[in-house]
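So you can see what is in the structure, the chains are spelled out below.
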Amino acid sequence: MTFEWTRRPVVQKAARIAGYAAFGLLVFAVSLVLTFPTARLRGFLEARMSQGGMTVRIQDLSVRGLGTVRLFGVKVDLPPDRLANPDGSVTEDPRSVTLDRLDVSVGLFRLAFGGLKVAVTAYAGEGSLGPVTVLKTAEQVTVDVEGAKDFPLPSDLPLFGVRFGGKLTSLKVSATYDVKGGLAASKARVELKAEGLKALKPTLRSAAQGAVTLTDADLGALALDVSLDKRSNLAAFKADRKAPGGDATVLHIEKAELDGQDVKALIEGHSLVRLTPGKPFKEGQLTVEMAFSLSDTFLDRTVKSGGEVSTPNRFLRTLLSLDPKWRAAQSGSYWGVVCSGSVDRPTCLPKRPTIRGGDFKAPAKAEDKGEAKDAASKAPAVAPRAPTPPPTPAAIPATLTPVTSSPPPRQEPPPPPPPAPEAAAGSGMSGAIVNPAANIRSSALTPTVIGRARIRGMVPEGGEEAPGPTGEGTAPSVAPPAGEGESQE
């Protein structure tokens, strides 16, 4: 038989020993999980993670197997954010991050040989972030983030003194940190997208106006692409001349766009932070050019507090419209800002924007959000109005017909003396003339008879003028009344 060797006593004895050892390891693992002192492990993790001014608190934890731990109710208190006020005082703003659940997996095999591999997935509300994989060796630390799904931004973690709300919908990170060279010798690539962003009661601080707290601002969607590498390795700077600082490592902001109902902003594609070897990131030199626009709805927003109504955002309208520097920095409906200096203490000045990348449009006003289009679609169709015909000489009697050419001259008897007033009043001439037209030069009509009727002061359209009987003015040629010519001839 093929398996005759399994019947040998030596093989059977070795199999029994291996089975006992495997069973013992299994029992040990199960008992370790069931009887593991989780309270001591929780205290150990809190003590090891609370370093550098950071405090970590864990409500509960459970061991999910060898090297896998699930933490519940994790709160991380970070060092406060120190903000300098215009009067020289310093304000400390507390910062913290709270997570519902944190799954941590540690590679025991790599840990036994002096390395470290940790995979972390964070859960908050209905969103998730990760897994975040951290691989550490003696020379470098590699961080990879595979994604995010509706992960809420921590509202208690201010950035540049402003707290934000919203959801992180997409995140991809690939970074390699050089342990010896620091950030200046490292590489990274970050692609981030967020939706429903809001700035929660931001506070503006200036030497002239002091500290002014605004209402919540709708920032909408955020798209951010950032790269960290040598300047010569970035496609956006390969065609540029060599910088004075040489081929330094830069943090290039390739894309940064905000598209909200209250605020729109766009950072120019050549904005960057130049890092210096041996110095921390906060001492890097930045050059950032940004354009922003504010909607009228945000500027005129009212707030009710204690029975009083105020418009705190109108301060921005006054500043942007009255300050000569901001008026000079306006282009259309948006303003430009250029920031330079160190990262921790930048100097930002108004400057007319020269955005070279992206399509920037100002936020739509309230009346422009579809109302005009709906009104145009619902309006009834109106037929075009026919052109008004030119006015006709209504003062011409029905018995007098204007002619365009004069008849051949003929002998006429001398005119009879002018009729008496009673006869003129009783004649039908005065009754036939009604509502004089605007093209009649004189309102007094004096009929003359020289072979054909003539009315002084009347110039019908297209008619030919003839000299009047007394040489005063001109009179148009008018066809004689029916039957008059025959009786005279």
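What you see is a predicted model; the values in this text were computed from it and never measured.

Visitor: Would you mind going over the overall build of the chain in detail, with residue names and values included?
Guide: Counting its secondary structure elements, the chain contains ten helices and 26 strands. Out of the 489 residues in the chain, the part that is buried amounts to 28%. Contacts spanning at least 24 positions in sequence make up 50% of the contacts within the chain whose residues lie at least 6 apart. When the accessible surface of the chain is split by element, carbon and sulfur atoms take 59% of a total near 31400 Å².

Visitor: Any chance you could break down the packing of aromatic side chains for me, citing the residues and the numbers?
Guide: Summed over the entire model, instances satisfying the criterion amount to two aromatic pairs. Aromatic pair phenylalanine 292 and tryptophan 326: ring centres 6.1 Å apart, planes at 80°, arrangement edge-to-face. Here tryptophan 326 lies in helix α6 (residues 324-328) and phenylalanine 292 lies in strand β17 (residues 285-294), a separation of 34 residues in the sequence. Among the residues examined, tryptophan 326 registers a relative accessible area of 15% and is labelled buried. An aromatic cluster of three or more residues is present, and its members are Phe292, Trp326 and Trp335.

Visitor: Lay out the nonpolar core with the relevant residues and their values.
Guide: Core analysis: the biggest nonpolar cluster contains 57 residues, and Leu71, Leu99, Leu129, Leu168 and Leu171 have the highest contact counts within it. Excluding anything up to four places from it in sequence, leucine 168 contacts Leu129, Ala148, Lys149, Asp150, Phe151, Leu153, Leu192, Lys193 and Ala194.

Visitor: Describe a nonpolar patch on the surface, and please don't skip the residues or the numbers.
Guide: Taken together, the side chains of Tyr177, Val179, Leu183 and Phe281 make up a nonpolar region of the molecular surface, amounting to roughly 310 Å² of accessible area. Counting through the fold element by element, valine 179 comes out in the loop between β9 (163-178) and β10 (182-200).

Visitor: Give me the lowdown on the side chain of serine 96, citing residues and values where you can.
Guide: Among the structural elements, serine 96 can be located in strand β3 (residues 90-106). Each residue touching serine 96, except ones within four places of it in the same chain, is listed here: Lys75, Val76, Asp77, Leu78, Pro154, Asp156 and Leu157.

Visitor: Let's hear about the state of the cysteines: which residues, and what values?
Guide: Under the counting rule described, the total for this entry stands at one disulfide. Residue cysteine 339 pairs covalently with cysteine 348 via a disulfide, S to S 2.1 Å. Its S-S torsion of about 110° marks the bond between cysteine 339 and cysteine 348 as right-handed, since a negative value means left-handed. Note on cysteine 348: relative accessible area 41%, which makes it partly exposed.

Visitor: Give me the lowdown on the pattern of salt bridges, citing residues and values where you can.
Guide: A side chain of one charge can pair with a side chain of the opposite charge if their charged atoms are brought near each other. Under the definition given, this model contains ten salt bridges. Its salt-bridge partner being arginine 70, residue aspartate 103 comes within 2.9 Å of it at the nearest N-O pair. With aspartate 103 in strand β3 and arginine 70 in strand β2 (residues 68-84), this pair connects stretches of sequence that are 33 residues apart. Note that arginine 101 and aspartate 103 form a salt bridge whose closest N and O atoms lie 3.3 Å from each other. Overall, the relative accessible area of 23% leaves arginine 101 in the partly exposed class. On the basis of relative accessibility, which here comes to 15%, the residue aspartate 103 falls in the buried class. One connected set of salt bridges, linked through shared partners, spans Arg70, Arg101 and Asp103.

Visitor: Run through the pairing of strand β6 (residues 140-145), naming residues and quoting values.
Guide: Taken together, the five bridges between strand β5 (residues 127-136) and β6 define a ladder with antiparallel strand orientation. Across the sheet, valine 134 pairs through a bridge with valine 143, a residue of β6. Where β5 folds back on β6, the antiparallel hairpin that results is connected by three residues. In terms of strand pairing, β6 meets β9 through six bridges, oriented antiparallel. Bridge pairing links threonine 142 to threonine 176 in β9.

Visitor: Can you break down the confidence of the model for the chain residue by residue, with the values?
Guide: Mean pLDDT over the chain works out to 75, with 68% of the residues at or above the 70 mark. This stretch, residues 369-409, has a pLDDT under 50; its non-local contacts, to residues over four places away or in other chains, come to 40 contacts.

Visitor: Summarise unusual backbone geometry; cite the residues concerned and give the values.
Guide: Following glycine 130, the chain continues to proline 131 via a peptide bond in cis, the omega torsion being 10°. By secondary structure assignment, the location of proline 131 is in strand β5. Residue aspartate 150 is not a glycine yet carries a positive backbone phi of 50°. Among the structural elements, aspartate 150 can be located in the loop between β7 (148-149) and β8 (151-152). The phi dihedral of lysine 201 is positive, around 45°, even though this residue is not glycine. Tracing the backbone shows lysine 201 in the loop between β10 and β11 (203-206).

Conventions adopted
Residues numbered from 1 in each chain as written. Predicted model: local features only at pLDDT ≥ 70, side-chain atom pairs only at ≥ 80, totals over all residues. Heavy atoms only, no water. Helix = DSSP H or I, 4+ residues; strand = E, 2+ residues; numbered from the N terminus. Buried < 20%, exposed > 50% of the residue type's maximum accessible area, 1.4 Å probe, protein only. Contact = heavy atoms within 4.5 Å. Areas by Shrake-Rupley, 256 points an atom, 1.4 Å probe, with all protein chains shown as cover. Phe/Tyr/Trp six-rings, centres within 6.5 Å; stacked < 30°, edge-to-face > 60°. Core = buried A, V, L, I, M, F, W, Y, C linked by side-chain atoms within 4.5 Å. Patch = residues over 30% accessible without salt bridge, like charges linked within 9 Å, V, L, I, M, F, W, Y side chains within 5 Å. Salt bridge = Lys/Arg side-chain N within 4 Å of Asp/Glu carboxyl O. Disulfide = S-S within 2.5 Å. Pairing = 2+ DSSP bridges. pLDDT = per-residue confidence, 0-100.

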